[in-house]
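Listed below are the residues making up each chain.
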Amino acid sequence: MTANDIVLEANEITKHFPGVLANDHVSIDLRKGEIHALLGENGAGKTTLMNILYGLYKPDSGQVVLNGKSIVIHSPKDSIEAGIGMVHQHFMLIPAFSVAENIMLGDETTHAGVLDIKAVSQRVRELSHQYGLEVDPDAKVGQLSVGAQQRVEIVKTLYRNANIIILDEPTAVLTPQETEDLFRIMRQLTARGVSIIFITHKLKEVLAVADRITVMRAGRVAGTVKPKETNEPKLASMMVGREVILTVQKQPARPKDEVLRVEDLRVLDDRDLEVIRGVSFDVRSGEIFGIAGVQGNGQTQLAEALTGLRPMKNGKVIMAGKDVSGKPPRPIIETGLAHIPEDRQRHGLVLSYSVADNMVLCNYYLEPFARGGVLQQEKVDENARRLIRDFDVRTPSPYVPTSKLSGGNQQKVIVARELSRPVKLLIASQPTRGLDVGSIEYIHKEIVAMRDRGVGVLLISAELDEIMALSDRIAVMYQGQIMDVVKANEATKESLGLLMAGIKSSETAEAAAPRP
Amino acid sequence: MQSTADKGFIRRLGQLLNPLLVPFLAIVTAVILGGIIIKVVGGDPIAAYKGLVQGAFGSPSALSETAVWSTPYIFAGLAVALGFKGGLFNIGAEGQIAFGAVAAALIGYALPGWLHTSIPPYIHIPLAVGAGILAGAIWGGIPGALKAYTGGHEVINTIMMNYIALNITSYLLNGPMRDPNPLNLSARTPEIAVSARIPPIFDIPGMRVHWGFVLALLMAVVVWWLLWKTTLGFEIRTVGANPDAAKYAGINVKWIITLTMALSGALAGLAGAIEVTALNYRHELGFSTGYGFDAIAIALLGKNNPYGIILAAILFGAMRNGATRMQFLTQIPIDIISVIQALILLFVAADAIIRFIYRIRAREERVVLTRGWGG
Ligand SMILES: Nc1ncnc2c1ncn2[C@@H]1O[C@H](COP(=O)(O)OP(=O)(O)OP(=O)(O)O)[C@@H](O)[C@H]1O
Ligand SMILES: [Mg+2]
């Protein structure tokens, strides 16, 4: 490799936010046609660095060098002109518009003053054909899956002739299949000379797809390595600065009383389709009951119905001995429920509120946080300081708005709040999504500790590894029904995989057995 | 050393004043533009503004009148701001003020007759004012409940409620509640009983400033306390900032929406009640026109902060009050004040209003950008 191969270089970039040094003399380079993975703890400064390269933030000092020339990027407009595209974890698409309309937004192709949507559609078709991205230019974005929306974002950058693409945690919300597809697309792009910066917290992905890996820690570059020269534990300790135990350590469960019983639950989704179709199960105190399944098989609606956020059509929910079927959230919470919601920015946080206020979102009205309807701010702040310390939330103070926290640290605010309340049942939907390995280790330990204190845990996760590592019993959901409930120590990845694909073990046995 | 300490101080001062920056610049710009307009129509801007300031602050009685003008502005501004904090756009303050005034006037003049007895002021005043508050609360609560339980948009509904309130008021003042005095030619109620009157602060002729002004200042403190120090305020702000998270947190979103609108209406009703019980001693058609709409400007100029609203309301009160003297001294029509107020509003709010309305729409029709996974 020669220096000529370097297409983009960040040179000694420094960026302060009030109370935080987000980037401290960060240097990183990107070669033509490579996938350069960026790893680092929550709050290490990855998104900040990318936003600087993309022109959303101005660095305090340091340069961005493009094809050997130092350039100044004032806005995304400049970076797009320079051939840099970014797919934010926050997609910037308008659901009511079609794919083509979204793609031309901000760069409208007109024909004598009239929008030329046909030309755009045609070009989108060409691009998606060329790169093997399945994107229908006429589909409404709101009806696409997350994975498909992401492909739209990628096509959008290609449409603007990007030859450098930044992907910020693209796989956090993708199914394993969608992730595979994304990797295939990424390889196709690099084969055609596009360079990619890829941010993720999943070490396996990094090792599978990256050409080079740069690890950031506390605003600095901790090192750049090749996948061949490293492995998961090494990467983890590079990130966190200590050894990380990647497996969960726990004693066998000692389940006691039933804390949740669900009988013949039926739930409709937003389009009035029945997405939970007669589900029954029970969770005992002192056990972790995992729900595995490919995303979109009703897990979201199940959690929403159980926590009172979504009406149920039929069935019974008994929580800690009380019938809470069809009750609103408050009485359900008060029977002893903690809930880590799947959509953290929609349900879990008030982004404009301080970290401290968010940490009492569900119990602000109870002693000691309120007395006689009056908030006790000192107690609220005290609680926040304790949780920030215990859960290692990276924030300059309890008083900053949560919107200023990095994505993973926002998640930690919710997890800290929900895991610290005295409850009987924890419903955790994707509790570690977007978290770094060190935080995952800690939160897994906390969930197990909760179980050992006698809390019942309903764990819903798209990460099969997480389900298998934590659960004592595993239910597999497929098309709104529970295929089977198995003991965790008897389950294998393969057996769960078959169930997740809708194949019952008896069927497989039948299929495998020679016909008489 | 000295200079870094200075810098720190300036930065902190800057942070403190930052929220005031936009309103301040808006006022300055509007005043400059207003001056240009005065110049263009052939007046002397310096003399005009001098007259304005003199008329508003130049003498004890000028100050008193400025306070009198500011009083309903403070109440109504607080009403609109409380709605905004709960994510609700109360355009209905005008109708809520009118009903507050009608109810207070009715209790003020008719209650002694109904009871066939005189009532001591410490009972009569609270009853009259309370009736005004209740009327406003109901008139605000209805569109609140419609929003919460049927999804009917509060902007549309409060506007309609304004028309209903103003027409009913007009009917009442021309009909059942009309002052029966044969000399009376206007649509107005009889004078309220002396026992229902809130006294002026000073017993000096020409000094009309009354205890209602002090109540307005107190109310700003109460609203601030309610919003930021109580669990109810936490609930109102949470519903305003993120209704989905509010629901998740166990807050009864529908009830809070209804209650917020009722409280907002109560404050507007209070504005009307105080105008009747402390100033005019009756309700007359046309007394309160425009307060409810100016209140939107005041809430925006005050950044929905109760203390900001006091400042904004006094500014508006001073401009209204000083305008007469300005016209007297320079023959520049009073309307220029409306132009300047409109300009201030334009500069402060153009962006805020658009965003606000967009946000409401976004929540209901879900025309939001797709939500990803905040990296
Ligand atoms: N707009 C902002 N204002 C203030 N502080 C910010 C802002 N954006 C980021 N920060 C701070 O800068 C630091 C780095 O944040 P950044 O989002 O770059 O982290 P990250 O590496 O992307 O983390 P994650 O893996 O959690 O997404 C954090 O401490 C964060 O609180
Ligand atoms: Mg990030």
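Residues numbered from 1 in each chain as written. Chains lettered and ligands numbered in written order. Predicted model: local features only at pLDDT ≥ 70, side-chain atom pairs only at ≥ 80, totals over all residues. Heavy atoms only, no water.

> Please give an account of the overall build of chain A that cites residues and values.
When helices and strands are counted, chain A shows 18 helices and 24 strands. What you see for chain A is a C-alpha radius of gyration of 24 Å, in line with the 24 Å of a compact globule of 516 residues. Its C-alpha atoms give chain A principal-axis dimensions of roughly 70 × 70 × 50 Å. Relative to its 516 residues, chain A shows a buried fraction of 54%. A separation threshold of at least 6 residues defines the contact pool for chain A, and within that pool the share at least 24 residues apart is 67%. Within the structure as shown, chain A displays about 22200 Å² of accessible surface, and the carbon and sulfur contribution to it stands at 50%. If you average the places of the 62 positive and of the 65 negative side-chain charges in chain A, the two averages end up 2 Å apart. (Helix = DSSP H or I, 4+ residues; strand = E, 2+ residues; numbered from the N terminus. Rg over C-alpha atoms; globule rule 2.2 N^0.38 Å. Buried < 20%, exposed > 50% of the residue type's maximum accessible area, 1.4 Å probe, protein only. Contact = heavy atoms within 4.5 Å. Areas by Shrake-Rupley, 256 points an atom, 1.4 Å probe, with all protein chains shown as cover. Lys, Arg positive; Asp, Glu negative; His and termini not counted. Charge placed at Lys NZ, Arg CZ, Asp CG, Glu CD.)

> Tell me about the site of ligand 1, residues and numbers included.
In the region of ligand 1, 21 residues are neighbours, and Gly43(A), Thr47(A), Thr48(A), Ser406(A) and Gly408(A) sit closest. In this structure ligand 1 sits where residues from chains A and B come together. A distance of 3.4 Å is found between an oxygen atom of ligand 1 and a side-chain nitrogen or oxygen belonging to Glu169(A). Here Lys404(A) contributes a backbone N or O atom positioned 3.1 Å from an oxygen atom of ligand 1. Here ligand 1 has 640 Å² of accessible area as a free molecule, and 91% of this is covered by the chains. Breaking the shell around ligand 1 down by element, the ones donating at least two residues are strand 2 (20–31), helix 1 (46–53) and helix 14 (407–419) of chain A. (Near = heavy atom within 4 Å. Polar contact = N/O pair within 3.5 Å; in protein donor to acceptor, adjacent residues only side chain to side chain.)

> Before we move on, could you go through the domain arrangement of chain A and cite the residues and values that matter?
All names here are of chain A. Splitting chain A by domain gives domain 1 (3–240) and domain 2 (258–350 + 413–512). For domain 1 and domain 2, the distance between their C-alpha centres works out to 33 Å. At the junction of the two partners, domain 1 supplies 16 residues and domain 2 supplies twelve residues. Roughly 1000 Å² is buried in total at the junction of domain 1 and domain 2, and carbon and sulfur atoms are behind 51% of that figure. Looking only at domain 1, the three residues that lose the most surface to domain 2 are Asn42, Thr175 and His201, adding up to 35% of its buried area. Where domain 1 touches domain 2, the interface holds two salt bridges. (Domains from an automatic or database assignment. Buried area = accessible area lost by both parts, 1.4 Å probe. Salt bridge = Lys/Arg side-chain N within 4 Å of Asp/Glu carboxyl O.)

> Please give an account of the packing of helix 3 (residues 60–85) of chain B against helix 10 (residues 253–280) of chain B that cites residues and values.
Residues and elements named next belong to chain B. At their nearest, the axes of helix 3 and helix 10 sit 7 Å apart, and the two run at 170° to each other. With respect to helix 10, the element helix 3 is oriented roughly antiparallel. On helix 10, the residues that touch Val68, Thr71, Pro72, Phe75, Ala76, Leu78, Ala79, Val80, Leu82 and Gly83 of helix 3 are Thr260, Leu263, Ser264, Leu267, Ala268, Leu270, Ala271, Ile274, Glu275 and Leu279. Tallied by class, the residues present in the contact of helix 3 with helix 10 amount to 15 nonpolar, four polar and one charged. (Axes fitted to C-alpha atoms, helices over the stretch in contact; angles between N-to-C directions. Parallel < 35°, antiparallel > 145°, perpendicular 65-115°, else oblique. Nonpolar A, V, L, I, M, F, W, Y, C, P; charged D, E, K, R; others polar.)

> Can you explain the interface of chain A and chain B? Please cite residues and give values.
Contacts between the two partners involve 47 residues from chain A, matched on the other side by 27 residues from chain B. When the two sides are added together, the surface that chain A and chain B hide from each other amounts to roughly 3300 Å², 60% of it contributed by carbon and sulfur. Three residues, Arg346(A), Tyr353(A) and Tyr364(A), lead the burial of chain A against chain B; their summed loss comes to 19% of the area buried on that side. In this structure, the connection of chain A to chain B is made through one salt bridge. Across the pair Asp244(B) and Arg346(A) runs a salt bridge whose closest N-O atoms are separated by 2.9 Å. Our enumeration of links across chain A and chain B arrives at 16 residue pairs in polar contact (both at pLDDT 80 or more). If you list the elements that add at least two residues to the side of chain A that touches chain B, you get helix 10 (329–334), helix 11 (344–348), strand 20 (374–375) and helix 14 of chain A.

> Break down the sheet that holds strand 14 (residues 274–284) of chain A for me, with residues and values.
Residue and element names in this part refer to chain A. The strand order across the open sheet formed by four strands is 14-13-16-17, and the pairing between neighbours is antiparallel. Each edge of the open sheet is held by one strand with a lone partner, namely strand 14 and strand 17 (322–323). Strand direction decides the pairing type here: strand 16 (residues 314–319) and strand 17, joined by two bridges, are antiparallel. In the sheet register, Met319 faces strand 17, and the bridge partner there is Lys322. (Pairing = 2+ DSSP bridges.)

> With reference to specific residues and values, describe the side chain of Arg212(A).
Its place among the elements puts Arg212(A) in strand 11 (residues 212–217). At a separation of 2.7 Å, a polar atom in the side chain of Arg212(A) contacts the side chain of Asp29(A).

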